[in-house]
There are 2 protein chains.
Amino acid sequence: MNGEEPMAHAAWLPAEAFGALGARRVLVHGEGLLVDTVFDEVAGACAGHGGQVWRTGVGAESGDAPTAGAVRPVAGGSAVGAVDLVLALRGPGPLPAVVARAGTTTGDDGPLGDEGFLLARADDVTVVLADAPAGLLYGLFHLVRLGEAAFDAELPVRRHRPALRRRMLDHWDNVAVHPVMGQVERGYAGGSIFWRDGAARRDAPRIRAYGRLLAGCGVNAISVNNVNVHATEARLLTDRLDEVAWIADALRLYGVRVHLSVTFAAPVVLGDLPTADPLDEKVRDWWATTSAQVYARIPDFGGYLVKADSEGQPGPFSYGRDHADGANLLAEALAPYGGVVHWRAFVYDHRQDWRDRFTDRARAAYDHFAPLDGRFHDNVVLQVKFGPLDFQVREPVSPVIAAMPATRLAVELQVTQEYTGQQRHVCYLGPWWSEVLGFRPWGPGERTVADVLADVPGPGPARGGDLVAVANVGDDPYWCGHPLAQANLYAFGRLAWDPRLDPGAVLDEWIDLTFPPSTSGDPALVRATLHAVMDGSWRTYERYTTPLGVGFMVRPGHHYGPDVDGYEYTPWGTYHFADRDGVGVDRSRATGTGFTGQYPPPWSQVYESREHCPDELLLFFHHVPYSHVLHSGSTVVQHIYDTHFAGVEQVVAMRERWRRLAGTIDPAVYERVGERLDEQVRSATEWRDQLNTYFFRKSGVPDARGRRIH
Amino acid sequence: MNGEEPMAHAAWLPAEAFGALGARRVLVHGEGLLVDTVFDEVAGACAGHGGQVWRTGVGAESGDAPTAGAVRPVAGGSAVGAVDLVLALRGPGPLPAVVARAGTTTGDDGPLGDEGFLLARADDVTVVLADAPAGLLYGLFHLVRLGEAAFDAELPVRRHRPALRRRMLDHWDNVAVHPVMGQVERGYAGGSIFWRDGAARRDAPRIRAYGRLLAGCGVNAISVNNVNVHATEARLLTDRLDEVAWIADALRLYGVRVHLSVTFAAPVVLGDLPTADPLDEKVRDWWATTSAQVYARIPDFGGYLVKADSEGQPGPFSYGRDHADGANLLAEALAPYGGVVHWRAFVYDHRQDWRDRFTDRARAAYDHFAPLDGRFHDNVVLQVKFGPLDFQVREPVSPVIAAMPATRLAVELQVTQEYTGQQRHVCYLGPWWSEVLGFRPWGPGERTVADVLADVPGPGPARGGDLVAVANVGDDPYWCGHPLAQANLYAFGRLAWDPRLDPGAVLDEWIDLTFPPSTSGDPALVRATLHAVMDGSWRTYERYTTPLGVGFMVRPGHHYGPDVDGYEYTPWGTYHFADRDGVGVDRSRATGTGFTGQYPPPWSQVYESREHCPDELLLFFHHVPYSHVLHSGSTVVQHIYDTHFAGVEQVVAMRERWRRLAGTIDPAVYERVGERLDEQVRSATEWRDQLNTYFFRKSGVPDARGRRIH
């Protein structure tokens, strides 16, 4: 335990979730670090649940029959008749007979890739095959999700490969506590698991447990520090690289590669050069040398993450260069080692003038980056926030995603609930992400966002890319502050692996793993309650907070709780323009900022038109009178009143539902969630009252149903 | 210099200000620490300006004629014919002949008190007499203000005694840097002159210079630490008392006594007692013992300043006791040594519900304290903010001042410009304080606030009291950040000494001292410019910020710059209730919170009536439609537009005026003020545009003059 706090909550990998697997006779075949991990996982499960495990391969000498819970390698061929499960790596040579016999039942020898696996069950043997160790690891966790279903009946061959090559979490962890942003920027789960007060924590059990959870949901990369790289954090690249290497060593056991946020000014800040100009030879040399040193220490280092020329961070603009120059500089330094640059497209003017109604922050990423399409090296990944603004509870999908066919893209989400209740509110984000990933930028029948990222061929971009999210974990005993916020982390990984998964089904997986039926007095009640509380929680959150896509009505700075005018007269470019007659931002081409023109048809027409624009995005695209009638038949102002009253009622109902779980689940989890639901009711009520009062004071329109507005 | 920065700006005591005095032949008579200070001041002046100085008294042996600039004591009677100025302490025994001869010319031997002095000039000798050393010190600085006028012609006898016994500055300095409030809470002039990063600075030259400036304007007491007493600061009372004693030793040279902010929880926090209950015997013993130790170390210690049961500070409410119990507890501990308790009346509910329109923070001080009148010990000073809210740019005078005839009161002002431009804006506060001090709580012909504090007999309170202000100095080279903010510190001291002084005349004094005519290329231009820039600056500030007494339209937290709704939906009790029809707080008895009933007639009637309420306080007392016509003939909304346009124009004109001073004053001062005027123009423009836009969006009423509203 290394002098740290007691181990954190097991989340979706409690011992009980390994019951079906751990009761079997298992053979593991193959070599490599991750195969060792698989073997150790199986051995641990068998030790706890009475199963047996063998391993083939180098050094396996003994032919003894296995003992319950025993962990011993066996020579190929022995005890085959007794095996229920084979986890095997297909190598260049022939498989041992026992494995081959099981393997041939699959009748499939197509390639599975670096991370894919194949699962089948026939003749009372379940077989997981992979071509690479990581595939075997993901196959193992797939078995855990299946539970007894993996052993019940014949299973036809099914191949599993991740849709997206990189499924990544960005930690906005600071090494030194930032005077304003703290240890973890936008973190709502305590301190950082990596750093505390300027020092590396090196809490091996916790980091290994974290890696295991990541592998258990399919995440295979993290960046370990905040994209706002302050002075202390800059040094992780050079003299504090050892701290990054330590994390990489710990997470390598679970197939998670480590990336690092770096400052574009590093050659000046760390290298004593007079410039960080990307076209300067000395600057290029510095990055080449520095990167070589990084790879000497961390051979599988993932690459750099860069926030440049954004919110005060340095970037190529300082030297009269553009973002392609900047990103390519780092890409060249990483290319020899297979590393990538994640270059954030979150570039906008944060010193805007609120008086200026035509400068539009929503346009900024497209305006900056679309003209650069084709100029980025192949190992540059342009990381685009899912919406044009900044992780609001409702935004249209960013037009950048359809605009850069020759550029590798990552879409960035926030698992951390900065604008969705900060892990004090239940807000299951799976349905929202599912909408984003399923959005079709070129219209019905065309490819989805997920298709773009997955490199599915089509008329638009086809370079393939990543799904990235800002992490939500900290040193909180429940990892995420709110125990139910673990579901967001889980769902992110699962949707990144397979964006077509139904978010409700993903929630089912999570419920079964996290609240194993064997541990509850009433598993059906637990499942029904969690669905009732979580399924619609994002839409509920939207109801009691900001209406119709308008966004940013939050308290400035910390972003928790309502403040309708909080950002209205600031330089941040986040306005709603509410007056006594109406509300919303005119982003039309006809009379507004022209942002709708950044979309390809049909969206460029749909969003342009007040009539066709979807209700939930109306105020994002249009300034309309309070009396404007929505597709729902309600006026805008009555919609505001109705949704806010309804939202609070729904939160109250969520709390009631939750209370029925008393006595059926872990009392500590029950209490923690209960406390947070109390706060959610309080906060939702505050949102309702402030929003309704604000719009009543402005519009003067009374509630059609005569409810109390203060 | 003790390793500290170079000495700070001379403010109103530059060497040139001592020219008239320092060119004379001066005799100083009397014994005591402050007479030594007087003698040293005179000697220093004579050394610089060619005068001569003698001193009578113990140890004075030599009868030699003085030499230019010489500093030597002489036996009484020598060289009398050559003396231009006598500064003499009247003792119990007969005066030496030389002093007596001069003294008798005054024909006045009435008592002058602890701090008073008498000035006269006859037979070519100017005489300053005092009964106590502090009086002589104040007499000396009076001579400095008079300059050559003290020596020009015969001057009839004039007696000077301070109207108020205690003229005090409260430093809101923290010992340790507070994570939110910093080194100095509401400080706009750099760090603390007393502490830095948790340690005492012990910067003797700076603290002595500070004491000299305080004596030079008449301030005779300071509290050295923030009224919000955090953990580190609590210990100043006990194991860090030595740091307070060091400050007391340094300031004693200039007649300034030191007070300390203490936490009411001190017996628990510092004394390991289980309670701080004011009626608990052990608690009383603890305070008695602790106070005895304080006086053993600092015999002239002033007393304790306490913020109790306010904004999270502990207090007697925690033990079911009231504020009289709490204040008297400390008063008893201090009484044996002549110390006083300043007990702040700033007690209110800071967790108010904005939906509740009848709970009124303005009522709080009166509601809490008026019922306790008569219960406070004689050495309790109830410290009341000048207005019922919190140092806003315009508030009515607090009704508490007229409500507690049996209680000693202090009125608290803010020299630090928390709500008046934070020393980035020129805002000369003398005229505002003059209005407050001249306000007649019982109506025309009755006593003023200053009379109440000065203990002038009348029908209302007559216990006498203090004038207190939150300090505005820090370790900035100009002491106050803005060089012109020095005038506020100066004016505070002068108005506390004599509240009937004309603030314009006080400004004249300050100009002559700070910008001595001998140092300028064009003294008349300097004087005219400073008057043009400063005279009306408070009203200008009011014009471009919050209209008609409504208050608190500032950015939450730091309070700089506009945010009309910033506090509107918060728990702080600071609302304006603007809607599409009107704005303002109904504090009437008829339909509102009843606050007007806390005033005696005629104000209870005047404020109650929309018709009679003064325009500048209308929105403080009434919620009125935007179309309401003011006494000025303008509607409320047009008034808002007009004053905001005018305010910005006036600031622009101030900057233009200032620029004409180029080359006539110290270039460093010229530059510093010029930069701050640029910021003032920017900020005033922002205020104008946000306020006008906000009210235009709400009211829909266009500007009658068709100016641009965004």
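Cut-offs used in this document
Residues numbered from 1 in each chain as written. Chains lettered and ligands numbered in written order. Predicted model: local features only at pLDDT ≥ 70, side-chain atom pairs only at ≥ 80, totals over all residues. Heavy atoms only, no water. Helix = DSSP H or I, 4+ residues; strand = E, 2+ residues; numbered from the N terminus. Rg over C-alpha atoms; globule rule 2.2 N^0.38 Å. Contact = heavy atoms within 4.5 Å. Areas by Shrake-Rupley, 256 points an atom, 1.4 Å probe, with all protein chains shown as cover. Lys, Arg positive; Asp, Glu negative; His and termini not counted. Charge placed at Lys NZ, Arg CZ, Asp CG, Glu CD. Buried < 20%, exposed > 50% of the residue type's maximum accessible area, 1.4 Å probe, protein only. Salt bridge = Lys/Arg side-chain N within 4 Å of Asp/Glu carboxyl O. Buried area = accessible area lost by both parts, 1.4 Å probe. Polar contact = N/O pair within 3.5 Å; in protein donor to acceptor, adjacent residues only side chain to side chain. Pairing = 2+ DSSP bridges. Axes fitted to C-alpha atoms, helices over the stretch in contact; angles between N-to-C directions. Parallel < 35°, antiparallel > 145°, perpendicular 65-115°, else oblique. Left-handed = near helix turned anticlockwise from the far one by under 90°. Core = buried A, V, L, I, M, F, W, Y, C linked by side-chain atoms within 4.5 Å. Right-handed = clockwise from strand over helix to strand, strands pointing away. Least-squares fit on C-alpha atoms with pLDDT ≥ 70 in both. 1 Å grid on protein atoms, 1.4 Å probe; cavity = no way out; pocket = protein on both sides within 12 Å on 5 of 7 lines; lining within 4 Å. Points joined across faces, edges and corners; volume = space filled by probe spheres on them. Nonpolar A, V, L, I, M, F, W, Y, C, P; charged D, E, K, R; others polar.

A. The arrangement of the overall build of chain A in detail. Check the secondary structure of chain A and you find 22 helices and 21 strands. What you see for chain A is a C-alpha radius of gyration of 26 Å, in line with the 27 Å of a compact globule of 710 residues. If you line up chain A on its principal axes, its C-alpha atoms span 85 × 65 × 55 Å. A separation of at least 24 residues holds for 70% of the contacts in chain A among residues at least 6 apart in sequence. Total accessible area computed for chain A in this model is approximately 23,700 Å², and 52% of it derives from carbon and sulfur atoms. Within chain A, the 88 negative side-chain charges are centred at a point lying 2 Å from the centre of the 67 positive side-chain charges.

B. Representation of the side chain of D565(B) in the model. Mapping D565(B) onto the fold places it in the loop between α18 (537-544) and β20 (582-583). Although D565(B) lies buried, it forms no salt bridge, and the closest oppositely charged side chain, K698(B), sits 4.4 Å away as judged by the N-O distance. Setting aside residues no more than four positions away along its own chain, D565(B) makes contact with D563(A), D565(A), Y694(A), H576(B), Y694(B) and K698(B).

C. Quick peek at the interface of chain A and chain B. Each side of the interface is counted separately: chain A has 26 residues, and chain B has 26 residues. Note on chain A versus chain B: buried area summed over both sides is about 2,400 Å², and carbon and sulfur give 44% of it. Contact with chain B buries surface across chain A, with Y569(A), R580(A) and R697(A) losing the most and accounting together for 35% of the total. Inspection of the region where chain A meets chain B yields 6 salt bridges. The partner of R355(B) in a salt bridge is D689(A), and the shortest N-O contact between them spans 2.4 Å. Inspection of the chain A/chain B interface yields 19 residue pairs in polar contact (both at pLDDT 80 or more).

D. Structural view of the sheet that holds strand β16 (residues 340-344) of chain B. Residues and elements named next belong to chain B. With parallel pairing, the 8 strands of this closed barrel are ordered in space as β8-β13-β14-β15-β16-β17-β18-β19. When the angles between neighbouring strand axes are averaged without regard to direction, this sheet yields 25°. Sheet topology places strand β17 (residues 380-385) next to strand β18 (residues 408-414); 5 bridges connect them, and they run parallel. Of the residues in β18, the one forming a bridge with V381 is R408.

E. Fine view of the packing of helix α2 (residues 33-49) of chain A against helix α4 (residues 133-146) of chain A. All names here are of chain A. Between α2 and α4, the least distance of the axes is 8 Å, while the angle of their chain directions is 25°. Overall, the two elements α2 and α4 adopt an arrangement that is roughly parallel. Considering the relative orientation of α2 and α4, their crossing is left-handed. Contacts between α2 and α4 involve L34, V35, T37, V38, E41 and V42 from the first element and P133, A134, L136, L137 and L140 from the second.

F. The sheet that holds strand β14 (residues 257-261) of chain A, seen in detail. Residue and element names in this part refer to chain A. A barrel is described by the order of its strands in space; here 8 strands give the closed sequence β8-β13-β14-β15-β16-β17-β18-β19, paired in parallel fashion. Shown here is a sheet whose adjacent strand axes are inclined to one another by a mean of 25°, direction ignored. Running over the sheet, helix α11 (residues 323-334) touches β15 (303-306), β16 (340-344) and β17 (380-385) and is turned about 160° from β16.

G. Main features of the nonpolar core. Ranked by internal contacts, the top residues of the largest apolar core, which has 212 residues, are L87(B), L169(B), W287(B) and W343(B). It is helix α22 (residues 667-699) of chain B that provides the largest number of residues to this core, a total of 10 residues.

H. Just the pairing of strand β15 (residues 303-306) of chain B, in detail. All names here are of chain B. As paired elements, strand β14 (residues 257-261) and β15 share 3 bridges and run parallel to each other. Bridging across to β15, S261 finds its partner in L305. Bridge analysis of β15 against β16 gives 4 bridges, and the strand direction is parallel. Within β16, the position partnered with V306 by the bridge is W343. Each parallel crossover has a hand, and the one from β15 via helix α11 (residues 323-334) to β16 is right-handed.

I. Fine view of the relation of the copies chain A and chain B. Between the two copies, chain A and chain B, the superposition gives an RMSD of 0.1 Å; the rotation angle is 180° and the shift along the axis is 0.0 Å. Here the two chains are linked by the operation of a two-fold rotation axis. Here 100% of the interface residues in chain A have copies in chain B that are interface residues too; the copies meet face to matching face.

J. How the structure looks around unusual backbone geometry. The amide bond that connects P601(A) to the next residue, P602(A), takes the cis arrangement and shows omega of 5°. Checked against the element boundaries, P602(A) lands in the loop between β20 (582-583) and α19 (603-608). Unusually for a residue other than glycine, D272(A) sits at a positive phi of about 60°. Looking at the element boundaries, D272(A) is found in the loop between α9 (266-269) and α10 (281-297). Judged by its relative accessible area of 70%, D272(A) is exposed. Its identity as a non-glycine residue notwithstanding, R202(B) has a phi of 50°, on the positive side. Looking at the secondary structure, you find R202(B) in the loop between β12 (199-200) and α6 (204-217). On the basis of relative accessibility, which here comes to 31%, the residue R202(B) falls in the partly exposed class.

K. Structural view of empty space enclosed by the protein. Within this model, the largest cavity holds a volume of roughly 130 Å³. Taken together, 18 residues form the lining of the largest cavity, with A345(A), F346(A), A365(A), G387(A) and P388(A) sitting closest to its centre. When residues of the lining of the largest cavity are traced back to their parent elements, those giving at least two are α12 (364-369) and β17 of chain A. Sorting elements by how many residues they give to the lining of the largest cavity places α12(A) first, with 3 residues. In terms of residue class, the lining of the largest cavity is built from 13 nonpolar, 3 polar and 2 charged. By volume, the second largest cavity is sized at about 100 Å³. Those elements that provide at least two residues to the lining of the second largest cavity are α12 (364-369) and β17 of chain B. Among the residues forming the lining of the second largest cavity, the class breakdown is 9 nonpolar, 2 polar and 2 charged.

By themselves, these observations are geometric and do not establish any function.
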